[in-house]
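# Structure at a glance
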Amino acid sequence: MKDLYPFTGQFLDRDGLRYHYLDEGSGEPVVMLHGNPTWSFYYRNLVQALSGSYRTIVPDHIGCGLSDKPGDDRYDYTLKSRVDDLERLLDHLGINSRITLVVHDWGGMIGMAFASRHPERIRRLVVLNTGAFHLPQSKSFPLALRICRDSALNTLLVRGLNLFSGVASFIGCKRRPMNSRLRRAYRAPYNTWENRIATLRFVQDIPLRPGDKAYDIVSDVQNGLQHFRKLPMLICWGELDFVFDRHFLAEWRQHFPEAEVHSFPDCGHYILEDAAEEVIPLIKGFLVRTENI
């Protein structure tokens, strides 16, 4: 897999856990945050495209990718922990200003929660099929997620059968379905019951009602989104995403009416796979155009 992922990662000791991240290139920081059930592999092509001009930082959340995958006795698999981890990493690297955030899936909520803690550090935002707010009122919570979140069978399905990561690798791309080698690469970190803990805990941490662990954080982030309205923002969106669909895109447009939006009717959730040849140049061009803003 070295030809697909030609990086030498680094590790931060996170209270005895190895927190893996990529740190490629030099220049202003571009911090890329993945979601569930992906890992830093999702951003490999974007890192290669940008690291000649920028310092690209791409962590693997604890339980994901090449980071350690501890049990619940050693790590609290919650949104707050994810934001704490990111904060610790960027403080460790001395990255405290002029940050461009690139966010996808859960990375949107993690990234914008970090941004809400440190709004003065954020310079630009690149949004890829994600959310930073509660489930839009116009959208029902998808049945497949409901089963993985709340069903008595969720542990068997997600940790036993690898259903979440496995199915995502088939349905995440619509224009250009992944070949078997790419599917294996996405699933590689989640190869045992123990190593699939984060894929389940992420789904279980989706906040739907007051009292859910992440609910108040999401509410605070949503209520503070107006503070970022003046920042340059690029949105690239796969319209055939069954979770982050047109309802989520409409919510982003409502919060950020001045954002530059590129929507792809024939693409799915993994927009950096489905439309890499279009989206990566769009991101590069956006960074260049907003260099002096």
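First things first, this report covers the structure right here in the doc. Because the structure is a prediction, the values reported are computed rather than measured.

## Looking at the packing of aromatic side chains
For the structure on display, the rule yields 14 aromatic pairs. Ring geometry for Phe133 versus Trp252: centroids 5.3 Å apart, planes at 65°, classification edge-to-face. With a gap of 119 residues between them, Phe133 in the loop between β6 (122–130) and α4 (143–150) and Trp252 in helix α10 (residues 246–255) connect regions that are remote in the sequence. Note on accessibility: Phe133 and Trp252 belong to one class, buried.

## Regarding empty space enclosed by the protein
Counted by the stated rule, this structure contains one cavity of 30 Å³ or more. Approximately 30 Å³ is the volume found for the largest cavity. Where the lining of the largest cavity is concerned, the elements lending two or more residues are α1 (44–50) and α11 (271–274). Element by element, the count of residues in the lining of the largest cavity is highest for α1, at three residues. Its residues assigned to classes, the lining of the largest cavity comprises four nonpolar, one polar and two charged.

## A few points about the layout of surface pockets
Its volume calculated, the largest pocket comes out at about 730 Å³. Taken together, 39 residues make up the lining of the largest pocket; nearest its centre are Asp105, Leu145, Ile206, Val243 and Phe244. Looking at the lining of the largest pocket, the elements that each hand over two or more residues are α3 (106–117), α4 and α6 (163–171). In terms of residue count, α6 provides more of the lining of the largest pocket than any other element does, five residues in total. Along the lines of polarity and charge, the residues of the lining of the largest pocket split into 29 nonpolar, seven polar and three charged. Volume-wise, the second largest pocket comes out at about 160 Å³. Forming the walls of the second largest pocket are Asp72, Asp76, Tyr77, Thr78, Arg149, Arg201, Gln204, Asp205, Ile206, Asp212, Lys213 and Ala214.

## Description of the environment of Pro37
Along the chain, Pro37 turns up in the loop between β3 (29–33) and α1. For Pro37 and Thr290, which are 253 residues apart along the polypeptide, the C-alpha to C-alpha distance reads 31 Å. The residues contacting Pro37, other than those within four sequence positions of it, are Phe164, Ser165, Ala168, Tyr186, Tyr190, Thr199 and Tyr270.

## Re a nonpolar patch on the surface
A contiguous nonpolar patch, built from Leu153, Leu156, Leu161, Leu163, Val167, Phe170, Ile171 and Phe242 and spanning about 720 Å² of accessible area, is present on the exposed surface. Examining the composition of the nonpolar patch, we find that four residues originate from one element, α6, more than from any other. Note on placement: Leu161 falls in the loop between α5 (154–160) and α6. Judged by its relative accessible area of 56%, Leu161 falls in the exposed class.

## Side note on the pattern of salt bridges
Taken as a whole and judged by the stated rule, the model has 27 salt bridges. Where Lys80 meets Asp84, a salt bridge forms, and the shortest distance between an N and an O atom there is 2.8 Å. With Lys80 and Asp84 both in helix α2 (residues 79–93) and four residues apart, this pair spans about one turn of that helix. Assessed through its relative accessible area of 17%, Asp84 is described here as buried. Between Glu87 and Arg117 there is a salt bridge, and its shortest N-O distance comes to 2.9 Å.

How each quantity is defined
- Residues numbered from 1 in each chain as written.
- Predicted model: local features only at pLDDT ≥ 70, side-chain atom pairs only at ≥ 80, totals over all residues.
- Heavy atoms only, no water.
- Phe/Tyr/Trp six-rings, centres within 6.5 Å; stacked < 30°, edge-to-face > 60°.
- Helix = DSSP H or I, 4+ residues; strand = E, 2+ residues; numbered from the N terminus.
- Buried < 20%, exposed > 50% of the residue type's maximum accessible area, 1.4 Å probe, protein only.
- 1 Å grid on protein atoms, 1.4 Å probe; cavity = no way out; pocket = protein on both sides within 12 Å on 5 of 7 lines; lining within 4 Å.
- Points joined across faces, edges and corners; volume = space filled by probe spheres on them.
- Nonpolar A, V, L, I, M, F, W, Y, C, P; charged D, E, K, R; others polar.
- Contact = heavy atoms within 4.5 Å.
- Patch = residues over 30% accessible without salt bridge, like charges linked within 9 Å, V, L, I, M, F, W, Y side chains within 5 Å.
- Areas by Shrake-Rupley, 256 points an atom, 1.4 Å probe, with all protein chains shown as cover.
- Salt bridge = Lys/Arg side-chain N within 4 Å of Asp/Glu carboxyl O.

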